[in-house]
Amino acid sequence: MDWLTFSHAYCTTICAVLLPANVLAMVMALFWVRQSYPIWQVAIPGMLLAYLLILHALSWVIVGMVMGETYLLISLGSVSFGINGLALARPELINQWSKQLIPKIFS
């Protein structure tokens, strides 16, 4: 079974796993940067999950089945990939943004 067939056969399961995992990875990256934890431990797996989500959505674009959900998945994957990548490259910038966006929970 090739990846395209697998992606279409198990679409609901793939989305049920990747969507919450991507959101959790983004939130964890924001909190881990803020708490000065080693960010690579959450950002690299988060980027991998985002990449898989984008690939899954693009598999539907390849066969011509483009709907609103397809754009939503590609957008969520891109934002997740960007936030996790930025957390790796510029953690001080993410730390500054998270101080403005997220109230001090652990302080």
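Notes on the structure in this doc start here. Because the structure is predicted, anything quoted here is derived from the model rather than measured.

**What to know about the packing of helix H3 (residues 40-62) against helix H4 (residues 68-89)**
- Interhelical geometry of H3 versus H4 gives an angle of 155° and a closest axis separation of 8 Å. Classified by the interaxial angle, the pair formed by H3 and H4 is roughly antiparallel. By crossing handedness, the relation of H3 to H4 is classed as left-handed.

**Notes on the nonpolar core**
- Of all hydrophobic cores here, the largest spans seven residues; its members are Ala-29, Val-33, Ile-39, Val-42, Ala-43, Ala-87 and Ile-94.
- Counting residues per element, the ones that place at least two in this core are helix H2 (11-34) and H3.
- Setting aside chain neighbours within four positions, we find Val-33 in contact with Ile-39, Ala-87, Pro-91, Ile-94 and Asn-95.
- Counting six residues, the second-largest nonpolar core is a separate cluster that includes Ile-14, Cys-15, Leu-53 and Leu-73.

**Quick notes on the environment of Leu-58**
- For Leu-58, the location among the structural elements is in helix H3.
- By relative accessible area, which is 36% here, Leu-58 ends up partly exposed.
- For the pair Leu-58 and Val-27, spaced 31 residues apart in sequence, the C-alpha separation works out to 24 Å.

Thresholds, definitions, all that
- Every chain is numbered independently, its residues counted from 1 as its sequence is written.
- Totals for whole chains, interfaces and linings use every residue, but because this is a predicted model, local features are given only for residues with pLDDT of at least 70 and side-chain atom pairs only at 80 or more, for both listing and counting.
- Only hydrogens and water are set aside; all other atoms, that is, all heavy atoms of the structure, feed into the side-chain values.
- Helix axes are fitted to C-alpha atoms over the stretch in contact, other axes to C-alpha atoms as well, and angles between N-to-C directions run from 0 to 180 degrees.
- Strands are runs of DSSP state E lasting at least two residues, helices are runs of H or I lasting at least four, and both sets are numbered from the N terminus onward.
- Reported orientations rely on four angle classes, namely roughly parallel under 35 degrees, roughly antiparallel over 145, roughly perpendicular from 65 to 115, and oblique for the rest.
- Working rule for handedness: look at the near helix, and if it is turned counterclockwise from the far one by less than a right angle, call the crossing left-handed; if clockwise, right-handed.
- Definition used in this section: a nonpolar core is a set of buried Ala, Val, Leu, Ile, Met, Phe, Trp, Tyr and Cys residues joined via side-chain atoms within 4.5 Å.
- Categorising residues by exposure relies on relative accessible area from a 1.4 Å probe, with only protein chains included: less than 20% of the type maximum marks a residue as buried, more than 50% marks it as exposed, and the intermediate range marks it as partly exposed.
- Any pair of residues with heavy atoms lying within 4.5 Å of one another is described as a contacting pair.

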